[in-house]
Amino acid sequence: MSDLDISVVICVYTEDRWEDILAAVSSVRAQSHPALETLLVVDHNPALLDRLAKEYKEVDDADVRVLANAGPRGLSAGRNTGIAAARGEVIAFLDDDAVAEREWLRRFAEGYADPRVMAVGGRTMPIWASGRRPAWFPEEFDWVVGCTYKGLPPGLVRVRNVLGGNASFRRTAFDAAGGFATGIGRDGDKRPLGCEETELCIRLTRARPDAILLIDDRAVIHHRVPEAREHFRYFRTRAYAEGLSKALVARSVGADKGLESERRYTTRVLPAGVARGLRDAVLARPGGAGRAGAIVAGVLTAAGGYVVGSVRARKGGATFSVVEISAGDQGGSHG
């Protein structure tokens with residue numbers, strides 16, 4: 001699949017990440033498997049839109065395109081805008097505060113050798129603002145900061161869902177399943193919700209039961225973790241938001257599929273993490289008790305968010321919609 005055309009979509013929303021955005025684009029332009037194009041989708045920020053348009057106005061071969069989010073504010077609609085505008089057979093997504101290793105797109109391209117493969121994700125490594133992982137922060141909860149967490153199987157493996165900040169999909173996946181659901185994922189600086197990629201992947205495998213979804217841990221990106229996210233307050237807020245999001249996913253696709261991977265995670269991976277933390281505490285290793293406590297607190301907080309989210313969903317207080325996407329336009333929506 002060395003000739004596979006891949007469009008890269010980077011959704012951006014704030015000038016505070018200006019240097020990060022430039023670094024993300026540079027990492028795409030340095031790929032060993034060249035991207036067909038890089039699409040920068042700006043989320044309702046005219047100043048950033050103008051600044052990026054000027055920055056990339058003279059880029060060779062017009063391989064960087066700057067677009068305004070054509071849908072409602074939020075990450076899902078931004079991604080849908082990028083999908084609709086993309087020309088590639090495969091559409092890859094990179095976070096605006098991450099940089100991709102040189103072989104990132106090559107590993108993705110290799111994954112599509114089997115025509116049944118509809119999505120390929122990669123491994124996301126944290127870059128801690130303080131220079132090192134906080135001693136209390138358990139690797140099992142690295143998803144809190146948008147990174148690959150301990151408990152995911154290594155290598156090239158089949159998965160229920162890929163993780164949105166480091167993922168790729170065939171264009172035909174969106175033809176079959178529609179786009180990312182709005183109302184589930186992030187909306188600028190509001191509560192750090194997530195799971196829109198989980199909901200999409202489950203919807204995709206329902207629409208295409210033969211679909212294969214993969215993670216290749218050689219497709220590596222490095223994701224910046226700002227100082228504010230190294231504290232327990234953010235950890236707790238993000239865990240609660242994950243529970244709210246999971247409730248919406250379960251409402252959309254059913255609790256069986258919506259919580260399938262989470263059951264294994266909470267019954268196997270997390271107890272092992274608590275045991276390791278307690279063992280380290282007994283051996284007087286730094287952070288052991290803190291990691292064990294953070295895992296327990298994270299589980300309870302996410303469970304609380306799930307209960308609250310489920311009640312809201314039943315009362316009709318939570319809404320989302322799925323966008324049908326056609327190349328060249330933003331399509332319509334249905335609930």
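Residues numbered from 1 in each chain as written. Predicted model: local features only at pLDDT ≥ 70, side-chain atom pairs only at ≥ 80, totals over all residues. Heavy atoms only, no water.

Peer 1: So what's going on with the packing of aromatic side chains? Which residues, and what values?
Peer 2: For any pair of aromatic rings, the description consists of the separation of the ring centres together with the inter-plane angle of the planes. Enumeration over the complete set of coordinates arrives at 16 aromatic pairs. Their ring planes at 90° and their centres at 5.6 Å tell us that Phe93 and Phe180 sit as a pair that is edge-to-face. You can see Phe93 sitting in strand E4 (residues 90–94) and its partner Phe180 sitting in the loop between helix H5 (171–177) and helix H6 (196–207), a full 87 residues away along the chain. A residue is classified by how much of its surface remains accessible, and Phe180, at 1% relative accessible area, is buried. Aromatic pair Phe169 and Phe174: ring centres 5.3 Å apart, planes at 50°, arrangement tilted. An aromatic cluster of at least three residues, connected via ring pairs, comprises Trp128, Trp136, Phe137, Phe141, Trp143, Tyr149, Phe232, Phe235 and Tyr265. The residue whose ring lies beneath Arg51 is Trp18, and the NZ or CZ to ring-centre distance is 3.8 Å. (Phe/Tyr/Trp six-rings, centres within 6.5 Å; stacked < 30°, edge-to-face > 60°. Helix = DSSP H or I, 4+ residues; strand = E, 2+ residues; numbered from the N terminus. Buried < 20%, exposed > 50% of the residue type's maximum accessible area, 1.4 Å probe, protein only. Lys NZ or Arg CZ within 6 Å of the ring centre and 35° of its normal.)

Peer 1: Could you give an account of the nonpolar core, naming the residues involved and the relevant values?
Peer 2: Judged by nonpolar contacts, the single largest core of 33 residues is most densely connected at Val8, Ile10, Val12, Leu40, Leu52, Leu94 and Trp104. The biggest single contributor to this core is helix H1 (residues 18–29), with six residues. Setting aside chain neighbours within four positions, we find Val12 in contact with Ile21, Leu40, Val41, Val42, Asp43, Leu48, Leu52 and Asp96. Grouped together as the second largest cluster of nonpolar side chains are 28 residues, Leu39, Ile91, Ala173 and Leu200 included. (Core = buried A, V, L, I, M, F, W, Y, C linked by side-chain atoms within 4.5 Å. Contact = heavy atoms within 4.5 Å.)

Peer 1: How would you sum up the pairing of strand E1 (residues 6–12)? Please name residues and give values.
Peer 2: By the criterion of burial, E1 is predominantly enclosed, with seven of the seven residues buried. Judged by which residues are buried, E1 turns out to be covered on both faces: Ile6, Val8, Ile10 and Val12 on one side and Ser7, Val9 and Cys11 on the other are all buried. Note: E1 against E4, four bridges, orientation parallel. Paired with Val9 across the bridge in E4 is Phe93. Strand direction decides the pairing type here: E1 and strand E2 (residues 37–42), joined by six bridges, are parallel. The residue bridging Val9 from the neighbouring strand is Leu39, located in E2. (Pairing = 2+ DSSP bridges.)

Peer 1: Pulling in residues and values, what's your account of the pattern of salt bridges?
Peer 2: A complete count under the given rule lists 22 salt bridges for this structure. Where Arg238 meets Glu242, a salt bridge forms, and the shortest distance between an N and an O atom there is 3.0 Å. Remark: Glu242 and Arg238 occur in helix H7 (residues 232–253); sequence separation between them is four residues, near one turn of the helix. Residue Arg238 is classed as buried on the basis of its relative accessible area of 7%. You can call Glu242 buried: its relative accessible area is 12%. With a closest N to O distance of 3.6 Å, Arg279 and Asp280 form a salt bridge. Judged by its relative accessible area of 43%, Arg279 falls in the partly exposed class. (Salt bridge = Lys/Arg side-chain N within 4 Å of Asp/Glu carboxyl O.)

Peer 1: I'd like a description of helix H10 (residues 288–314), backed by residues and values.
Peer 2: When the terminal C-alpha atoms of H10 are compared, their 39 Å separation across 27 residues agrees well with the 39 Å that a helix rising 1.5 Å per residue should span. Those residues of H10 lying buried are Gly288, Arg291, Ala292, Ala294, Ile295, Gly298, Ala302, Gly305, Gly309, Ser310 and Ala313. Phi turns positive, to about 80°, at Gly316, one or two residues after H10. (Expected span 1.5 Å × (residues − 1).)

Peer 1: For the side chain of Glu197, give the residues involved together with the corresponding values.
Peer 2: Among the secondary structure elements, Glu197 is positioned in helix H6. This buried residue, Glu197, is left without a salt bridge; Arg79 holds the nearest opposite charge, at 4.1 Å. Here Gly164 takes part through its backbone nitrogen, which lies 3.3 Å from a polar atom of the side chain of Glu197. Excluding anything up to four places from it in sequence, Glu197 contacts Arg79, Asn161, Val162, Leu163, Gly164 and Phe180. (Lys, Arg positive; Asp, Glu negative; His and termini not counted. Polar contact = N/O pair within 3.5 Å; in protein donor to acceptor, adjacent residues only side chain to side chain.)

Peer 1: Requested: an account of the environment of Thr205, with residues and values cited.
Peer 2: Checked against the element boundaries, Thr205 lands in helix H6. With 29 residues separating them along the chain, Thr205 and Ala176 place their C-alpha atoms 9.4 Å apart. Those residues in contact with Thr205 that lie beyond four places of it in its chain are Ala211 and Leu213.

Peer 1: Requested: an account of the pairing of strand E6 (residues 117–128), with residues and values cited.
Peer 2: In the sheet, E6 pairs with strand E9 (residues 212–225) via ten bridges, with the strands oriented parallel. Each residue of the ladder has a partner; that of Arg123, found in E9, is Val220. One ladder, built from three bridges, connects E6 with strand E8 (residues 166–170); its direction is antiparallel. Counterpart to Ala119 in the pairing with E8 is Phe169.

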